[in-house]
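# Structural characterization, general
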Amino acid sequence: MAAAELEYESVLCVKPDVSVYRIPPRTSNRGYRASDWKLDHPDWTGRLRVTSKGKTAYVKLEDKVSGELFAQAPIDQYPGIAVETVTDSSRYFVIRIQDGTGRSAFIGIGFTDRGDAFDFNVSLQDHFKWVKQETEISKETLEADTRPKLDLGFKEGQTIKLNIGNMTTKKGGAAKPRVSGSGGLSLLPPPPGGKTAVPSIPPASSTSIANHVSPPPMLKSSNMSNADILLDLDAPACASKTPTSTTTDVWGDFNAASSGVPNQAPQQSNWVQF
C-alpha cells in the first residue's frame, strides 16, 4: 500500500461565512489591496474549511447547504505564494486555487468577523510549524542512523576497577568515618594508638570543703576490749545511779592529764606540784 493512501485528512479550521472576490491583476510589487475590490458585491459566498493531509494543507470553499466543493487551494508553504495577505486589511487574503487539470487562478477571500480571519491565519501557522518540527526530527533520525555507532560494551577479558568510599579494603582496614554535615556537630576520630584525654575535675572551693568537713572519729585505746565498749555504753546509766564524790581532788585531774601525754619532753615550770 502506498504511503499517500495511509495518510488521513484532518480538519484544522471551519468558518461558516466567507466571501469570494474576483480581483484585478497586480500592477506593482507592493502587494494586493482590498480597497481595489468590489467589497459590497462579492462574487460568491459560502463556507471555508481548512484541512491537512500529510504535510500539505488545503483551503476548501464549499456550499453552505449542500457542502459541494466550489474551489480549493493546496498550500505547501505558509507564508508563500499560495496564500498572501493584503496590505490594507487583516480580514482579506489572496489564495491561489487549482483544478484537477493543473490550471490555477488567484481570487480574493474575506471574513466579516476579524476573529475568523485570525483563526484562519493561526491554523495555517500551526500546521506548518508542525511540518517544520517533523522535518527536523526526521533529519536528526536519519543522521543518527547513518553515523557510526559507538560500542560501549566490554571486550572479552576486559575488567574495570571501582573505587567506592566507606568500603572495607582488601587489607581489612575500614575506611575512616565521615564527618557529619552542617546538620550536627561531630568530633574527629582519635589518632591510631592514642588515648582519649579524660577531662580534669575542677578542685572544690574552700567554702564547700569547710561546709562538708566531718568531725574526726573518736579514738579508743587499743587495750579496750569489747566488754569495755559495752561498759562505756552503760556508763551514763551507771553514773546516774552512783553518787559522785564531793572530795574529788581538783589537782589530781591536771596530774592525770599531764601524765597521759606520750613522749612529751619535761618542761621547766615555776609551778610547784602538790
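By the naming in an unreviewed UniProt entry, the chain is Adaptin ear-binding coat-associated protein 1, taken from Chrysolophus pictus. In its Sequence similarities (unreviewed entry) section, the UniProt record describing the chain reads: "Belongs to the NECAP family." According to the UniProt record, the Function (unreviewed entry) comment for the chain is "Involved in endocytosis."

## Overview of the overall build of the chain
Counting its regular elements, the chain contains five helices and seven strands. The linear arrangement of helices and strands in the chain, starting from the amino end, is α-β-β-β-β-β-β-β-α-α-α-α. Residues counted as buried form 18% of the 274 residues belonging to the chain. Long-range pairs, those at least 24 residues apart, make up 52% of the contacts in the chain with a sequence separation of at least 6. Roughly 22900 Å² of accessible area belongs to the chain as shown, and the carbon and sulfur atoms make up 56% of that amount.

## Some words on the packing of aromatic side chains
Going through the model one piece at a time under the given rule, you end up with seven aromatic pairs. Ring geometry for W37 and Y92: centres 6.1 Å apart, planes at 85°, overall edge-to-face. Linking W37 in the loop between β1 (9-21) and β2 (44-53) with Y92 in strand β6 (residues 92-98), this pair joins segments that are 55 residues apart in sequence. A single burial state applies to W37 and to Y92, both of which are buried. Taken together through their ring pairs, the aromatic side chains of Y21, W37 and Y92 make up a single cluster.

## Concerning a nonpolar patch on the surface
Taken together, F154, I160, L162 and I164 make up a surface patch of nonpolar side chains, about 480 Å² in accessible area. Among the structural elements, I160 can be located in the loop between α2 (114-146) and α3 (206-211).

## Digging into the sheet that holds β1
Spatially, the seven strands line up as an open sheet ordered β4-β3-β2-β1-β7-β6-β5, and their pairing is antiparallel. At either margin of the open sheet sits one strand with a lone partner, and together these are β4 (69-75) and β5 (83-85). Taking the axes of each pair of neighbouring strands and ignoring which way they run, one obtains an average angle of 30° across the sheet. Both β2 and strand β3 (residues 56-62) contribute to a ladder of seven bridges, which runs antiparallel. Within β3, the residue paired with K53 across the bridge is T56. Together, β1, β2, β3, β4, β5, β6 and β7 (104-110) form the strand contacts of α2, whose direction differs from that of β1 by roughly 145°.

## A word on the environment of V65
Relative to the helices and strands, V65 is located in the loop between β3 and β4. Given a relative accessible area of 80%, V65 falls into the exposed group. For the pair V65 and G46, spaced 19 residues apart in sequence, the C-alpha to C-alpha distance is 8.7 Å.

## Remarks on the pairing of β4
Where β3 lies against β4, six bridges are found, and the strand directions are antiparallel. Residue pairing across strands places Y58 opposite P74, the latter belonging to β4. Between β3 and β4, which pair antiparallel and follow one another directly, the connecting turn spans six residues, one of which, G67, has a positive phi of 80°.

## So, the pairing of β2
Of the strand pairs in this sheet, β1 and β2 are connected by nine bridges, and their pairing is antiparallel. Bridge pairing in β2 places C13 opposite V50.

What counts, and at which threshold
- Residues numbered from 1 in each chain as written.
- Predicted model: local features only at pLDDT ≥ 70, side-chain atom pairs only at ≥ 80, totals over all residues.
- Heavy atoms only, no water.
- UniProt positions renumbered as here; feature names shortened; annotations may be inferred.
- Helix = DSSP H or I, 4+ residues; strand = E, 2+ residues; numbered from the N terminus.
- Buried < 20%, exposed > 50% of the residue type's maximum accessible area, 1.4 Å probe, protein only.
- Contact = heavy atoms within 4.5 Å.
- Areas by Shrake-Rupley, 256 points an atom, 1.4 Å probe, with all protein chains shown as cover.
- Phe/Tyr/Trp six-rings, centres within 6.5 Å; stacked < 30°, edge-to-face > 60°.
- Patch = residues over 30% accessible without salt bridge, like charges linked within 9 Å, V, L, I, M, F, W, Y side chains within 5 Å.
- Salt bridge = Lys/Arg side-chain N within 4 Å of Asp/Glu carboxyl O.
- Pairing = 2+ DSSP bridges.
- Axes fitted to C-alpha atoms, helices over the stretch in contact; angles between N-to-C directions.

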